[in-house]
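Chains, contacts and geometry: an overview
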Amino acid sequence: MKIFKNKIELLNELSGLNNIAFIPTMGSIHDGHLSLIKKAKKKSVNIIVSIYVNPKQFNTTKNFQEYPRNIKKDITLLKKTKIKYLYLPKYKDIYSFKTKLPIYLDHFSKKLCGKFRPKHFYGVINVVNRFIEIIKPKLIFLGFKDFQQLSLINLHINKNRILTKVIGCSTIRDKNGIALSSRNKKLNKKQLHIASKVFKYLKINKKDILLKNKRKDKLDLKKKLLSFGVTKIQYLEGLNLKTLKKPLMSGKKSNIFIAYYLGRIRLIDNL
Ligand code: AMP
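Let us look at the structure shown here. (Residues numbered from 1 in each chain as written. Predicted model: local features only at pLDDT ≥ 70, side-chain atom pairs only at ≥ 80, totals over all residues. Heavy atoms only, no water.)

Here we look at the side chain of R130
- Looking at the secondary structure, you find R130 in helix α7 (residues 120–135).
- E133 provides the closest opposite charge to the buried, salt-bridge-free R130, at an N-O distance of 7.2 Å.
- For R130, the side chain forms a polar contact with the main-chain oxygen of I94, separated by 2.9 Å.
- Those residues within four positions of R130 in sequence are excluded, and the remaining contacts are I94, Y95, F97 and T99. (Helix = DSSP H or I, 4+ residues; strand = E, 2+ residues; numbered from the N terminus. Buried < 20%, exposed > 50% of the residue type's maximum accessible area, 1.4 Å probe, protein only. Lys, Arg positive; Asp, Glu negative; His and termini not counted. Salt bridge = Lys/Arg side-chain N within 4 Å of Asp/Glu carboxyl O. Polar contact = N/O pair within 3.5 Å; in protein donor to acceptor, adjacent residues only side chain to side chain. Contact = heavy atoms within 4.5 Å.)

If you want it as structure tokens, here you go:
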């Protein structure tokens with residue numbers, strides 16, 4: 001695995017290569033990230049993973065600084081996957097050039113996480129657009145765990161007619177059902193237990209939850225989750241995955257979307 005900390009050297013290496021598969025990450029590599037690599041391996045030998053904690057997608061400097069980082073361990077894990085390239089850009093590499101294409105932020109960016117993190121998705125699309133202009137991948141692998149992010153990147157790519165195809169990848173969970181996330185490292189045993197209870201409750205009652213959409217039903221559900229020990233629920237909504245609007249009466253092709261806090265740690269999931 002070749003490691004690039006410099007854009008010029010990376011561009012030299014990639015020039016003339018096609019069929020590039022790109023997996024952007026913020027590091028603290030876990031099995032969720034590794035599953036994206038596994039899927040990419042089926043499509044291409046030219047896999048490039050990036051690790052970059054993008055300051056522009058955090059709403060506070062504190063959140064940015066507190067994001068878990070573990071670059072040594074990440075490199076060890078990634079070497080084992082036998083990918084060809086790892087890109088560890090510096091801020092200047094990403095933000096010192098004028099992009100060819102404008103950022104397209106669909107209205108969906110105002111919903112779910114966007115309601116509570118106003119600059120977040122603009123920051124995400126900005127960085128992904130820049131990565132795409134640098135790397136020009138044929139495929140980009142993104143997790144359904146961050147469904148809203150995946151949808152907005154897809155909408156940006158379609159709107160700008162970018163020739164990169166988004167490949168969505170299923171959410172990897174631990175044996176207790178919790179979606180793997182770099183932030184899980186900050187949870188204690190009790191909090192992990194609560195997160196597992198939340199997952200199991202939503203999974204078992206998914207159909208009911210998606211169909212019962214009255215104010216009282218929602219309040220009861222929130223009360224239930226808070227009784228497990230959840231600190232705060234930021235949002236809890238059902239959405240149809242195609243229309244990105246309220247679930248249809250059948251509840252089919254719809255998921256429950258949740259963001260909640262355990263202590264100071266914010267978790268998101270959809271199932
Ligand atoms: P992150 O490093 O959290 O920005 O994630 C990098 C990529 O990995 C994103 O496309 C995520 O959606 C994806 N990802 C994160 N967690 C998981 C998971 N548990 N299962 C599958 N993909 C994931």
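Describing the sheet that holds strand β9 (residues 265–270)
- Strand order across the open sheet formed by three strands is β7-β8-β9, with antiparallel pairing between neighbours. Of all the strands in the sheet, just β7 (232–240) and β9 have a single pairing partner and so form its edges. The sheet shows a mean angle of 10° between the axes of neighbouring strands, direction not considered.
- By the bridge criterion, six bridges tie strand β8 (residues 254–262) to β9 in an arrangement that is antiparallel. Note that in β9 the partner of I258 across the bridge is D269.
- Packed onto the sheet, helix α11 (residues 215–227) meets β7 and β8 and runs at close to 130° relative to β7. (Pairing = 2+ DSSP bridges. Axes fitted to C-alpha atoms, helices over the stretch in contact; angles between N-to-C directions.)

Let's talk about the site of the ligand
- The ligand sits among 16 residues. The nearest are M26, H33, D146, I172 and L180.
- In the model, a nitrogen atom of the ligand is placed 2.9 Å from a nitrogen or oxygen of the I172 main chain.
- Note that a nitrogen atom of the ligand is positioned 2.8 Å from one of the backbone N or O atoms of L180.
- Within the residue set of the shell around the ligand, elements represented by two or more residues are β2 (20–25), α2 (31–41) and β5 (139–143).
- Residue composition of the shell around the ligand, by class: seven nonpolar, seven polar and two charged. (Near = heavy atom within 4 Å. Nonpolar A, V, L, I, M, F, W, Y, C, P; charged D, E, K, R; others polar.)

Note that all results are geometric; they support no functional claim without further evidence.
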